[in-house]
Amino acid sequence: MKSNGKAKVLLVKHWMECHDRGVKSVAAILRDAGFEVVYVVYMSPEEIVSAAVQEDVDVVGMSFSTGAYDAHVPEVMRLMKEKGLHDVMVLVGGLIPDEDIGWLKEQGIREVFGAGADTNQLIELMETAGRK
Amino acid sequence: MFDEKTLEQCRRLMELHQNAINERYQGKDFSSTTGSSGIPIKPVYTPLDVQDLDFESDIGVPGSYPYMRSNYPLHYQFQPWINQPVHGYGLPEHTRERMDKLAGAGMEGYFGGRAYNIVCDVPTHFGVDPDEPDAQGYIGKDGVSCPTDEDFGRMLDGIDLTKTNIVIINGDTLPYLAHFIVYAESQGLTPDQLRGNTMNWQFGAWYAPNHLWESAGGLKLATDVIYFCSKEMPKWNHTNIQGHGMSETGADAVHQMAYGIATARAIADSCVAAGLDPDSFMPGIGFQIAQCNDFFEYICMFRAWRKLWATTARERYGCKRASSMQLRTHTHTSCFELTKQQPLVNLVRSAFHALGAALSGTTAMEVAAYDEPIGIPTEESAILALRIQQVMRHEMGITKVGDPLAGSYYVEWLTHRMEEEAKKVLKEIDDAGGFVKAHKSGMLMSTMRKHAAEWRRAVDSGEEVVVGWNKYAVPAKEVIKPFRADPDVARVAIERIKEYKAKRDQAKTDAALNALVAAAERLDKGEHGHVMPACVGAARAKATTGEISKTLRKVFKWGPAYSVSLPH
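Residues numbered from 1 in each chain as written. Chains lettered and ligands numbered in written order. Predicted model: local features only at pLDDT ≥ 70, side-chain atom pairs only at ≥ 80, totals over all residues.

A.B. asks: Help me out: how do you make sense of the confidence of the model for chain B in this one?
C.D. replies: All names here are of chain B. Averaged over chain B, the pLDDT score is 94; the fraction of residues at 70 or greater is 98%. Between residues 562-568, whose pLDDT stays under 50, and residues either more than four places distant or in other chains, the model counts 20 contacts. Interface confidence for the predicted complex, given as ipTM, is 0.94, next to a pTM of 0.96. (pLDDT = per-residue confidence, 0-100. Contact = placed C-beta atoms within 7 Å.)

A.B. asks: Got a minute to help me understand helix H15 (residues 409-431) of chain B in this structure?
C.D. replies: With 23 residues, H15(B) should reach 33 Å at 1.5 Å per residue; the first-to-last C-alpha distance of 33 Å fits that figure. Looking one or two places after H15(B), you find Gly433(B), whose phi comes out positive at around 100 degrees. (Helix = DSSP H or I, 4+ residues; strand = E, 2+ residues; numbered from the N terminus. Expected span 1.5 Å × (residues − 1).)

A.B. asks: Help me understand the sheet that holds strand E8 (residues 285-291) of chain B, please; the structure alone is not making it clear to me.
C.D. replies: Picture the strands of a sheet paired through backbone hydrogen bonds; they go either parallel or antiparallel. All names here are of chain B. Read from one edge to the other, the open sheet built from five strands follows the order E1-E10-E9-E8-E7, with strand pairing classed as parallel. Single-partner strands in this sheet number two, and they are strand E1 (82-83) and strand E7 (239-242). Where E8 lies against strand E9 (residues 328-333), six bridges are found, and the strand directions are parallel. By the bridge assignment for E9, Gly 286 is matched with Arg 328. Strand contacts of helix H13 (residues 345-360): E8, E9 and strand E10 (364-366), with the helix running at about 165 degrees to E9, the strand carrying the most contacts. (Pairing = 2+ DSSP bridges. Axes fitted to C-alpha atoms, helices over the stretch in contact; angles between N-to-C directions.)

A.B. asks: Quick question: what am I supposed to make of helix H1 (residues 4-25) of chain B here?
C.D. replies: Two residues of an α-helix separated by three or four positions point the same way, owing to the 3.6 residues in each turn. Residue and element names in this part refer to chain B. The terminal C-alpha atoms of H1, which comprises 22 residues, lie 31 Å apart, in line with the 32 Å expected from a rise of 1.5 Å per residue. With respect to burial, H1 is a largely exposed element, only zero of its 22 residues being buried. Phi turns positive, to about 50 degrees, at Gln 26, one or two residues after H1. (Buried ≥ 20, exposed ≤ 12 C-beta atoms within 10 Å, placed from the backbone.)

A.B. asks: How should I be thinking about the environment of Ala304(B) in this particular structure?
C.D. replies: All names here are of chain B. Its place among the elements puts Ala 304 in helix H11 (residues 295-316). Its 24 C-beta neighbours within 10 Å are what place Ala 304 among the buried residues. When the C-alpha atoms of Ala 304 and Val 492 are compared, they prove to be 48 Å apart, with 188 residues separating the residues in sequence.

A.B. asks: Help me understand the interface of chain B and chain A, please; the structure alone is not making it clear to me.
C.D. replies: Many authors give the size of an interface as the accessible area that is lost as the parts come together. Contacts between the two partners involve 38 residues from chain B, matched on the other side by 30 residues from chain A. For the side of chain B that touches chain A, the element with the highest residue contribution is helix H17 (residues 443-461) of chain B, accounting for five residues. Taken together, the residues of the side of chain B that touches chain A break down into 22 nonpolar, eight polar and eight charged. (Nonpolar A, V, L, I, M, F, W, Y, C, P; charged D, E, K, R; others polar.)

A.B. asks: In this structure, what is going on with the environment of Glu93(B)? I would like to understand it.
C.D. replies: Secondary-structure assignment places Glu93(B) in helix H3 (residues 92-104). Once the C-alpha coordinates of Glu93(B) and Lys501(B) are considered, the two residues, 408 residues apart in sequence, prove to be 20 Å apart.

A.B. asks: Mind showing me how you'd approach the packing of helix H2 (residues 45-55) of chain A against helix H3 (residues 69-82) of chain A here?
C.D. replies: Helix-helix packing is described using two parameters, namely the angle between the two axes and the distance between the axes. Residues and elements named next belong to chain A. Where H2 meets H3, the closest approach of the two axes is 9 Å, and the angle between their N-to-C directions is 40 degrees. Of the possible angle classes, the one that applies to H2 and H3 is oblique. The hand of the H2/H3 crossing is right-handed. Here Pro 45, Glu 46, Ile 48 and Val 49 of H2 come into contact with H3, specifically with His 72, Glu 75, Val 76, Leu 79 and Met 80. (Parallel < 35°, antiparallel > 145°, perpendicular 65-115°, else oblique. Left-handed = near helix turned anticlockwise from the far one by under 90°.)

A.B. asks: Explanation requested: the pairing of strand E3 (residues 114-119) of chain B in the structure shown.
C.D. replies: The two faces of a sheet get side chains in turn, since along a regular strand they alternate between them. Residues and elements named next belong to chain B. Within E3, six of the six residues are buried, which leaves it mostly tucked inside the rest of the structure. Of the two faces of E3, the one carrying Arg 114, Tyr 116 and Ile 118 and the one carrying Ala 115, Asn 117 and Val 119 are both buried. In this structure, strand E2 (residues 86-87) lies alongside E3, joined through two bridges in parallel fashion. By the bridge assignment, His 87 is partnered in E3 with Ile 118. Note on the crossover from E2 through H3 to E3: the handedness is right-handed. When E3 meets strand E4 (residues 164-169), the two strands line up parallel, connected through six bridges. Bridged to Tyr 116 within E4 is Ile 166. (Right-handed = clockwise from strand over helix to strand, strands pointing away.)

Dropping the structure here:
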């Protein structure tokens, strides 16, 4: 958590991903709102979890433009549990078909912010994070 | 262009016009609007705004240098733009189904020919084979998984490659072109018979987290592709400079044009330094151009771009061939301005973008499908996007007159202004030490990121209206079904690549890859002409695109993958 009491967030995108304009916009929006943002392009789910530990973040935001969340999200959630990161809120963003949102939440994803998501809703949720 | 009498009339009438505004709107100021590149726009234009332009050198007629109005004296009257919808998903045979559907729906090239604009999946883009861990989750998802010559066979079987343009959208061009050539050889063809387009984006996947090759090495590889094509593949368009990619990253119209030309200049400079005659390679350089919301600005950008490219070709490179000076363009209508909310509204947006492109005189066109913010296009949405092109061509009457907006005081003024603004940006790049330095330092990327962040802030504040998203929003009525490729794609692609490797003569493959390392080392020292032939040799010896790519990485640096700058 930052000294201003706001959450620290790790935004991640796999190196095989295509478009990253969305996640970069989210980074700008969150910085504008006073959150500390770290961005990592990862090659394996392990890298996300070790970055989350190392950076001591309150939130992890995973961005997908290519639908690989089916392969990556369960693995990341499993590794986070294994490392004891129970309090870290995990969000997903990007090109996410509505019909997959339920499945993502079943995996433990707190919320999905896809194309055209409401910035204020994202910020409101972020305000609740990090108050451990 | 106007006599003093006309200009005097303009001054008098504009005074009356201002008086009428003051009277009718009580002095309210309407003059503070700007275009999407930040250029101030006035409510009305007259001959006064274009009085300093010279008709011959600044406007001219279609088909004459500097080609601002059109590449050709007659264009759509004679040869309408090429339908070039991007398609690709799943396994090669799945993509073939879409190719056949589009062909059946009337997708046409020049003179009844056809161009298939095939996009690879991201692993194939970056030289990662389906059996590698990094590819998992990404195989055949947003493009076709096609890592070998055999896969080309599954996709292109029975298609006459001497009469059909094959456009291959792939990042790491060398291994991929090599496998295409080896497939063509299996059909009894030689490289000089092949027609189509590679991207040659060795350092320019602007919108992706990975940028492929480091700038200087990427430029050497790009040059080697051109060196090979200019000698062996005269009908092949080797290079397609990203404009749309820059636009999707955040570039406005001025920066899209300027950065596009800066990229092309860097490549052309490198080719000249490698000893190539500009007229041998300039016709093979084309541009992929985004047509976005600001209707007139993007049309004017397009016209200015043609002129700027023609003058660059003639003045900077001494080109003599018309085709070296003519801007070959593939329009890609805007995607970042499409919405997931009320997605059918995207059909309306894309139709306007496409109309802008047609009025600009583009030579080929991809119209985005309405469901792109949800996934890759379904068969229905892909064909609807093609129908936009067909309605424009056959029903709107817009193909009758070349450059129909020419002579509009506004359009001519703005075209000239776009050219001047782009020249300023090109000078900034020169002042920063040239394109490669500006690319490496992140200067170009940070400007694009800044624009993207500003755009999003304007949308969030409501200053930038997006219909159905931040205005006229309604609760979603139904869940739009995304297109999904066959779930078995990854398993089959992995089996195939394993089988491909298992049945080859490994000693031959190893020898060919060793020869490639030697060729790459020569290129790194500045000796051109060996790497692309060595890639073809490796493909003949059944080294996969992934293996060829990784072999090149022994010599050339990959990146900057992980030093991506965040927006300010």
